[in-house]
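# Observations on the three-dimensional arrangement
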Amino acid sequence: MKFKDDFIFGGATAAYQCEGATKEDGKGLVCWDVFYEENDLYDPDPASGFYHEYKQDIDNCVKFGINGIRISIAWTRIFPQGFSEVNQKGVDHYHDLFKYCLDNGVEPYVTLHHFDTPYELNIDGDFTNEKVREDFLAYAKFCLDEFTEVKKWASFNEIWPWSVNQFITGTFPPGKKYRFDLAVENIHGMLTCHAKALNYFKDNNKEGEFGVIHSLETYYPIDEKAENIEAAKRYDAIANGLCIESVLAGRYSQETLDRVNYILEVNGFDKFVAEEADLAEMRKASPRLDFLGINSYQAHWMKEYEGENLHIHNGTGDKGSFKSQLKGMGEEVKRDDIPKTDWDWSIYPQGLYDMIMRVSAYDNCKKIYITENGLGLKEKLNSEKTVNDDARIDYVRDHLKAVLKANENGANVAGYFLWSLMDMFSWSNGYNKRYGFFFVDFDTLERYPKKSAYWWKELTEIKELN
Ligand code: BGP
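All values reported here derive from a predicted model rather than from experimental measurement. (Residues numbered from 1 in each chain as written. Predicted model: local features only at pLDDT ≥ 70, side-chain atom pairs only at ≥ 80, totals over all residues. Heavy atoms only, no water.)

## Looking at the UniProt feature "active site" (unreviewed entry) in the protein
Selection rule: UniProt positions are given in the numbering used here, feature names are shortened, and annotations may be inferred rather than shown by experiment. A run of H or I in DSSP counts as a helix once it spans at least four residues, and a run of E counts as a strand once it spans at least two, with each numbered from the N terminus. Contacts between residues were defined by any pair of non-hydrogen atoms, one from each residue, lying within 4.5 Å.
Within this structure's numbering, the places UniProt gives as "active site" (unreviewed entry) are Glu372. Summarising the element assignment, Glu372 is placed in strand β12 (residues 368-373). When sequence neighbours within four positions are dropped, the list of residues in contact with Glu372 reads Ala12, Arg70, His114, Asn157, Glu158, Ile294, Asn295, Ser296, Tyr297, Phe417 and Trp419.

## Looking at the layout of surface pockets
To keep things clear, this is the line we draw: In this analysis the probe radius is 1.4 Å and the grid spacing 1 Å, with only protein atoms considered; a cavity is a set of points the probe fits into but cannot get out of, a pocket is an open set with protein on both sides within 12 Å along at least five of seven lines, and lining residues have an atom within 4 Å of a point. Grid points are joined across faces, edges and corners, and a volume is the space filled by probe spheres set on the points. Under this grouping Gly is polar, as are all residues other than the nonpolar Ala, Val, Leu, Ile, Met, Phe, Trp, Tyr, Cys and Pro and the charged Asp, Glu, Lys and Arg.
Of the volumes computed, that of the largest pocket is approximately 270 Å³. For the largest pocket, the lining is made up of 17 residues, of which Ala232, Lys233, Asp236, Arg259 and Arg358 are closest to its centre. At the level of secondary structure, the elements contributing two or more residues to the lining of the largest pocket comprise β6 (219-221), α10 (226-249), α11 (254-266) and α13 (349-360). Among the elements that take part in the lining of the largest pocket, α10 stands out by supplying seven residues, more than any other. Within the lining of the largest pocket, the residues separate by chemical class into six nonpolar, four polar and seven charged.

## Let's talk about the sheet that holds strand β8 (residues 300-303)
Put simply, the rule reads: When DSSP finds two or more bridges between a pair of strands, those strands are recorded as paired. Each axis is a line fitted through C-alpha atoms, taken for helices only over the stretch in contact, and angles between the N-to-C directions span 0 to 180 degrees.
Here five strands make up an open sheet; going across it, the order is β6-β8-β11-β10-β9 and the pairing mixed. Because the sheet does not close on itself, it has two edges, and the strands there are β6 and β9 (310-312). Averaged over neighbouring strand pairs, the angle between their axes works out to 30 degrees when direction is ignored. Taken together, the two bridges between β8 and strand β11 (residues 330-332) define a ladder with antiparallel strand orientation. Along β11, the bridge assignment pairs Lys303 with Glu331.

## A look at the sheet that holds strand β13 (residues 413-419)
Strand pairing in a sheet is mediated by backbone hydrogen bonds. Such pairs are either parallel or antiparallel. Taking strand neighbours around the barrel as the criterion, the eight strands line up as β1-β2-β3-β4-β5-β7-β12-β13 in a closed arrangement whose pairing is parallel. Shown here is a sheet whose adjacent strand axes are inclined to one another by a mean of 25 degrees, direction ignored. Both strand β1 (residues 8-12) and β13 contribute to a ladder of five bridges, which runs parallel. Note on β13: the bridge partner recorded for Ile8 is Gly415. Packing against the sheet, helix α5 (residues 88-103) makes contact with β2 (68-72) and β3 (107-113), and its axis sits at approximately 170 degrees to β2.

Now the structure itself:
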């Protein structure tokens, strides 16, 4: 199985998870700054120290055959309050960073929003609020006009997880629970902003490509019972259907809306109604989409559930502690025959294959990148100052095989970005869930290549998997 010559062998990062320097050079407050402090969770400093140490990481990309890097811009480094005043130091920082990437032949794939809404705007309702949508668009337009050296843009990272975790599971700020109505409003608000930002990019003849990054994981019924098949379809409608249909078909299908409205109704909320003006933006944007980014880590098996809502997050890597029972959406059931990580994530590359083939059926799906995939592990440096992360190598190899098989069957996956390039902290799991090709000592900020980095380098040279 061969990779195309121009395949992107990338690594992914996100500003808040790797930069640190949260109070430096005029950066404004992010919702997480307050959430972590109020809940006595993790310190976002130093993270991986990427704000100051990025040259080390780009140099490592060059040494290990990594020719693409996902980077997100921290909104509050550009607009400290989220709107109005621009912080020139933040603007200069990203020009320097992008220049260093480009000078070294590592293409930056830049995301405008990766879970880091400015604090005040998150408190004001995030993307459920029309003013926040406008503030985001002003920020997006500023970046698209300013950073013309960037040729690969994505509006958002993971609209569904950002919305469900803010408003249903409560694991992300502002930590609300079981507000299915707000989650759906937020998804719709972000999808509308994505469409408007893409339309701005195209209307102004910007050079390059503009896409969106969705978390797209497959939901299967636990068995062939009609009610469990329907539960999987309902969960899929709210988690995947809205996002896929909006960006690839320019509309929400009636089937998807009916299932989402069922979930809203059984939880005591009004039906969701989209504004016609928003739908018009989506219709215009959909055929203009240059690429779809797929983030995928696991697959899910669903069973019907109509009891009270209960969500228990496994944030410590204590295997078996996860539980999710959401009224109308279903109960997630773990299959004994499918391997799982310590955080109860089911490892199933076929799920990625099925999703690639599903989205590839849309005419507007011209190109796909796997923008995140990877394995979180509890790791320590060994005496040789490396980590033998064979489990990660196996995981990545199996998922890459699924990608190549999809390409053989007509899909167009143009690149794969490991989550994550180097170790960083995890939003709701802290510093002990490591994903990187490079081990980061969070005290000294030294980087150490893991076995997977050496394996990756060889793979990028031979461009072939057996
Ligand atoms: C995705 C996010 C990433 C990253 C990854 C791993 O949802 O886009 O930012 O965090 O998941 O997840 P976790 O950190 O929960 O293990």
